[in-house]
Amino acid sequence: MNAGTVAVATILLIVVGGAAIGVLAGSRRRMDLEQWTVGGRQFGVVLVWLLMAGEFYTTFTFLGACGWAYSRGAPVYYVLAYQPLCCVVVYFLAPRIWELGRDYRAQTLADFFTARFSSEWLGALVALVGIVFLIPYLELQLTGLGFIVEIASAHSVGRVPAMSTAFVLVAVFVYTSGIRGAAWVSVLKDALLLAVVIAVGVAIPERYFGGIGPMFATLARIAPRTLVLPGRTAQLGHAWFATTVLLTAFGAPMWPHLFAANLSAKSADTLRRNAIVMPLYGITIPLVIFVGFAATVVLPGLRDGDLSMLALVGKTYPAWVLGVVGGAGALTAMVPSAVMILSAAALFMKNVVRPLFAPALDDRGVARGARIAVFAVTAIALGFAIHGSSTLVALLLIGYAGVAQFLPGVLLGAFWPRTSKRGVACGLVVGLAIVGGLMLSGRDPYRGVNAGFLGLCANLACVLLVSLATRAPAPPAGARAG
Amino acid sequence: MRSATRISRGALLLAVVPFIGLDLTVAWWDRIEPTIAGLPFNLAWMIAWTALTPLCLWGAHRLDRRGAARRGGGGP
């Protein structure tokens, strides 16, 4: 067998194995809407951890962090800083979300808004905004997967067949097993990823520099300015770092698929204990960053920094190692995508279609519709990924800053009884307008400050002021039941 | 059931600590020297906080549980 065949066989084995785990995970359960979207709210610490780590560690963390280290230098450190802080936010926010979610019987982010503010319109708005940001994020995972498989297979498998095969498999296990499938595929994904990252993160600096210490000594001699902010960039300085870390730490849990993961836990304390150990998972990120820094010296002048990980592994190791990296990378795209597809499908059927077009639909009908919508969402993302779209690139840029605008509604909604739906709706619109206006006109960071952070401040102020000015809303029906 | 998610003041104070360490003080720790175990200072600092943050949260959890037990009058 030639090198390409070995790599392709390895990747295929891993990807098909992962999908098989996913299908088996839910095969013996009756999949009603509750089981499919939030695993029947029965996940213990281990499954919640696998699910959340699976969602957090996307192709961005794998290829993107390496790429940022390669092409930007020190600004990549924001990933290291925001992840532990995000866990702190989750520690306090998640148990309250879980508790209200149980009382409201919420299965999606939009359900939370619908129930808390007694407004199906607000829920539908949140669902639509959520879907609009999920699709480009999904397309990014797909594109990443296409590159990974194409390069890892030494170009013997093209991007389009790779993306199509992997995503048909994802759609199948999401259809059969729902969120439980994603959590179980994460077992294989995390094991492989951990092995790969430790292997390349330690071995590559050792091979080319004689160790991690000597590598940084070399970098400090030849390119010291890349090791401190703003690195190779002009604008990503300390103010950018501080505001971006804050925005991402508070904003990331507002991604609809991450929000829904909270609801799958069996108790509020499960989420707390999970949040305590989650930061330890981040210990792998420095290793990815080491590879990016090593590549700046070993392989300077790459056209696309995001490919530096694969290029360097390919230059250093035999084909089967590249195959394992490719397979792990493919799973890294597939697991988060599975939950994103599920979230988008559930939001669409439950929070947009039912309240606006089919109020008579029962939960069984919603479940059936959502499971069919899985294939539609997958096809749409695949279509965009194959044909490319500049609108999507723009939406993706806004993604994190955009979903962060849900925060005031969730945070104040969870802890401040006076929060009103008008306030939340105003804040959301103002926040999104500021984010869109600044980012799409190329003004992020604005005077050194993250644009999403500015949007969030204005949003928060709006929610507070409008809520204080309007009459206090009656408590929602679900709250009394709990 | 409400007491299960009540947050104690001590826990909130502990939660602020990682934000100070990893975010607000960036201008102070963003430098190469002194290197620690061969790592630039800023990188070593952030790696240390991947371990210190769980410690802070663990402490917060202990405080929260103690508070919940006291409010519950010792009963479950």
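All values reported here derive from a predicted model rather than from experimental measurement.

Let's talk about the overall build of chain A
- Scanning chain A from terminus to terminus reveals 21 helices and zero strands.
- For 482 residues, the compact-globule formula gives about 23 Å, and the C-alpha radius of gyration of chain A, at 22 Å, lands near that figure.
- Projected onto the principal axes, the alpha-carbon positions of chain A cover approximately 65 × 50 × 40 Å.
- Expressed as a percentage of its 482 residues, the buried residues of chain A come to 63%.

Details of the overall build of chain B
- Within chain B, the regular secondary structure consists of three helices and zero strands.
- Along chain B, helices and strands appear, N-terminal first, in the series α-α-α.
- Taking all 76 residues of chain B together, 30% fall into the buried category.
- Residue pairs at least 24 apart in sequence account for 68% of intrachain contacts in chain B once pairs closer than 6 positions are excluded.

Describing helix α3 (residues 41–71) of chain B
- Between the first and last C-alpha of α3 of chain B there are 44 Å, a value that for 31 residues agrees with the 45 Å anticipated at 1.5 Å per step.
- A bend of about 30° at Thr 50 of chain B is the largest found in α3 of chain B, and the proline Pro 54 of chain B appears one to four places after it.
- Residues of α3 of chain B that are buried: Asn 42, Leu 43, Trp 45, Met 46, Trp 49, Thr 50, Thr 53, Pro 54, Cys 56, Leu 57, Ala 60 and Asp 64 of chain B.
- Packed against the buried residues of α3 of chain B are α5 (77–104), α12 (268–281) and α13 (285–298) of chain A together with α1 (9–24) and α2 (26–29) of chain B.

Points about the nonpolar core
- If you look at the biggest cluster of nonpolar residues, it comprises 209 residues, and the most contacted ones within it are Ala 330, Ile 341 and Ala 345 of chain A.
- Not counting residues within four places of it along the chain, the set of residues in contact with Ala 330 of chain A comprises Ile 11, Ile 14, Val 15, Leu 145, Ile 148, Val 149 and Ala 166 of chain A.

Focus: α12 of chain A
- An ideal rise of 1.5 Å per residue puts 20 Å on 14 residues; α12 of chain A measures up with 21 Å between its terminal C-alpha atoms.
- Largest kink in α12 of chain A: about 30°, centred on Ala 275 of chain A, with the proline Pro 279 of chain A one to four residues after it.
- Among the residues of α12 of chain A, Thr 270, Leu 271, Arg 272, Asn 274, Ala 275, Ile 276, Met 278 and Pro 279 of chain A are the ones counted as buried.
- If you follow the buried residues of α12 of chain A, they end up packed against α3 (45–56), α5 and α11 (256–263) of chain A together with α3 of chain B.

Overview of the interface of chain A and chain B
- The interface of chain A with chain B comprises 37 residues on the first partner and 32 residues on the second.
- The set of elements that each furnish at least two residues to the side of chain A that touches chain B consists of α5, α9 (212–222), α10 (238–251) and α12 of chain A.
- Looking at the side of chain A that touches chain B, the element that brings in the most residues is α5 of chain A, giving twelve residues.
- Classifying every residue of the side of chain A that touches chain B by side-chain character gives 29 nonpolar, five polar and three charged.

Some points on the environment of Val 168 of chain A
Residues and elements named next belong to chain A.
- Within the element layout of this structure, Val 168 appears in helix α8 (residues 159–209).
- Overall, the presence of 14 C-beta atoms within 10 Å leaves Val 168 in the partly exposed class.
- Each C-alpha atom, one on Val 168 and one on Leu 382, is 9.8 Å from the other, the two residues being 214 residues apart in sequence.

Side note on the confidence of the model for chain B
Residues and elements named next belong to chain B.
- Of all residues in chain B, 87% attain a pLDDT of 70 or more, and the chain-wide mean is 86.
- Averaged pLDDT values for the elements of chain B fall to 90 in α3 and rise to 94 in α2.
- Prediction confidence for the complex, expressed as pTM and ipTM, is 0.89 and 0.91 respectively.

Some words on the packing of α13 of chain A against helix α14 (residues 308–316) of chain A
Residue and element names in this part refer to chain A.
- Contact pair α13 / α14: the axes reach a minimum separation of 9 Å and the direction vectors enclose 70°. In terms of orientation, α13 lies roughly perpendicular with respect to α14. Here α13 runs over α14; the crossing is left-handed. Together, Val 291, Gly 292, Ala 294, Ala 295 and Val 298 of α13 and Ser 308, Met 309, Ala 311 and Leu 312 of α14 make up the contact between the two elements.
- Here the contact of α13 with α14 is built from residues that sort into seven nonpolar, two polar and no charged.

A few points about the environment of Leu 145 of chain A
Residues and elements named next belong to chain A.
- With respect to the secondary-structure elements, Leu 145 resides in helix α7 (residues 120–152).
- Through-space distance from the C-alpha of Leu 145 to that of Ala 330 is 5.2 Å; in sequence the pair is 185 residues apart.
- Residue contacts for Leu 145: discarding those within four places in its chain leaves Thr 59, Ala 162, Met 163, Ala 166, Ala 330 and Ala 333.

Procedures and definitions
- Residues numbered from 1 in each chain as written.
- Chains lettered and ligands numbered in written order.
- Predicted model: local features only at pLDDT ≥ 70, side-chain atom pairs only at ≥ 80, totals over all residues.
- Helix = DSSP H or I, 4+ residues; strand = E, 2+ residues; numbered from the N terminus.
- Rg over C-alpha atoms; globule rule 2.2 N^0.38 Å.
- Buried ≥ 20, exposed ≤ 12 C-beta atoms within 10 Å, placed from the backbone.
- Contact = placed C-beta atoms within 7 Å.
- Expected span 1.5 Å × (residues − 1).
- Bend = angle between axes of the 7 residues up to and from the residue.
- Core = buried A, V, L, I, M, F, W, Y, C linked by C-beta atoms within 7 Å.
- Nonpolar A, V, L, I, M, F, W, Y, C, P; charged D, E, K, R; others polar.
- pLDDT = per-residue confidence, 0-100.
- Axes fitted to C-alpha atoms, helices over the stretch in contact; angles between N-to-C directions.
- Parallel < 35°, antiparallel > 145°, perpendicular 65-115°, else oblique.
- Left-handed = near helix turned anticlockwise from the far one by under 90°.

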